[in-house]
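# Coordinates in review
These are the residues of each chain, in order.
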Amino acid sequence: EKMISMDNISPPLAITLGVNASFLAFYTGYSKAEKAYKPSLVWEVFTLKKGLNHTLVELNKEISLSGLATLAIAFLPRCEPHRKELVYNAMGMLSAHTLYSTWKYYGGENIPSL
């Protein structure tokens, strides 16, 4: 039986997952209203406590920020050997964000109809 370990996860995947986990934990968990870190906000997203719509909107914000951060990381000199895969990962996240945002907001206040 093959166990999953950091030894058999590619560096670009590990970086991408780390960036996502960080934004999920710290961006989603930060209360702008209280100007404080509230882990319960992350729990609300995972448990759908405020509903599916709230969870999808929060995850959409997280994936957009993670995509931008992963894209920036891809161009760090140390990441040059992994640049192509990191850019693909970033563009995948940013594409998912764009598709969801267009579906959710097109024709509304945020993205008016053309």
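Below is a summary of the structure that appears in this document. (Residues numbered from 1 in each chain as written. Predicted model: local features only at pLDDT ≥ 70, side-chain atom pairs only at ≥ 80, totals over all residues. Heavy atoms only, no water.)

### Looking at a nonpolar patch on the surface
In plain terms, the rule: Every patch collects residues that have over 30% relative accessible area and no salt bridge, joining them within 9 Å if they carry like charges and within 5 Å if they are nonpolar side chains (Val, Leu, Ile, Met, Phe, Trp, Tyr). Using the Shrake-Rupley algorithm and a 1.4 Å probe, accessible areas are obtained, with residue cover drawn only from the displayed protein chains. Every case where a carboxyl oxygen of Asp or Glu lies within 4 Å of a side-chain nitrogen of Lys or Arg is listed as a salt bridge. Each helix is a run of DSSP H or I of at least 4 residues and each strand a run of E of at least 2, with the numbering of both proceeding from the N terminus. Only protein chains enter the area calculation, which uses a 1.4 Å probe; residues under 20% of their type maximum are buried, those over 50% are exposed, and those in between are partly exposed.
A contiguous nonpolar patch, built from F26, Y30 and Y37 and spanning about 350 Å² of accessible area, is present on the exposed surface. Within the secondary structure, F26 sits in helix 1 (residues 11-27). Here F26 falls in the exposed class, since its relative accessible area comes to 56%.

### Regarding the packing of aromatic side chains
Put simply, the rule reads: Planes of paired rings set the category: under 30 degrees apart is stacked, over 60 is edge-to-face and the rest tilted, where pairs are Phe, Tyr or Trp rings (Trp by its six-membered ring) whose centres lie within 6.5 Å.
This model, assessed by the stated rule, comprises 2 aromatic pairs. Measuring from ring centre to ring centre gives 5.9 Å for F26 and Y37, while their planes differ by 40°; the resulting arrangement is tilted. Taken together, the positions of F26 in helix 1 and Y37 in strand 2 (residues 36-37) put the pair 11 residues apart, joining distant regions of the chain. On the basis of relative accessibility, which here comes to 41%, the residue Y37 falls in the partly exposed class. Judged by centre distance (5.8 Å) and plane angle (45°), the rings of Y100 and W103 are tilted. Separated by 3 residues within a single helix, Y100 and W103 lie in helix 4 (residues 83-105), roughly one turn from each other. Its relative accessible area of 66% is what places W103 among the exposed residues.

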